[in-house]
Amino acid sequence: MRITREEYVSRRELLAGQLERRGLGGVVLFDPHYVSYYTGFVFAPTERPLAFAMRADTRGGMLVPRLEVEHAQANAAVQEIAHYD
């Protein structure tokens, strides 16, 4: 069974509601379990960090190492993917 893109959107909307209730403008998540829960992107943490960032209006994306760009584009349910070398 595969989790749908709509489910990830729903999860991020719930997170956005929590951000608004707490008066926060956004969140940045580095933990692989949280990143996977909100984006569907599963990865093995290494010395190269990876992050999911989202504003309170649900706009957001991921920052990944250059080596992970294609993997993230194919597997992450996010609007934007940026990379670093």
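Residues numbered from 1 in each chain as written. Predicted model: local features only at pLDDT ≥ 70, side-chain atom pairs only at ≥ 80, totals over all residues. Heavy atoms only, no water.

Focus on the nonpolar core
Across soluble globular proteins, nonpolar side chains have a tendency to be buried as a group. Counting 19 residues, the largest nonpolar core has Phe41, Leu50, Phe52, Met54 and Met62 as the members making the most contacts within it. Secondary-structure elements contributing two or more residues to this core are helix 1 (5-21), strand 1 (26-29), helix 2 (32-39), strand 2 (51-55), strand 3 (60-65) and helix 3 (69-75). Among the elements that take part in this core, helix 1 stands out by supplying 3 residues, more than any other. Those residues in contact with Phe52, other than ones at most four positions away along the chain, are Arg12, Val27, Val28, Leu29, Val35, Tyr38, Thr39, Gly61, Met62 and Val78. (Core = buried A, V, L, I, M, F, W, Y, C linked by side-chain atoms within 4.5 Å. Buried < 20%, exposed > 50% of the residue type's maximum accessible area, 1.4 Å probe, protein only. Helix = DSSP H or I, 4+ residues; strand = E, 2+ residues; numbered from the N terminus. Contact = heavy atoms within 4.5 Å.)

Let's talk about the confidence of the model for the chain
The predicted model of the chain has a mean per-residue pLDDT of 95, with 100% of residues at 70 or higher. In the model of the chain, helix 3 stands out as the element of lowest mean pLDDT, 95, in contrast to strand 1, which has the highest, 98. (pLDDT = per-residue confidence, 0-100.)

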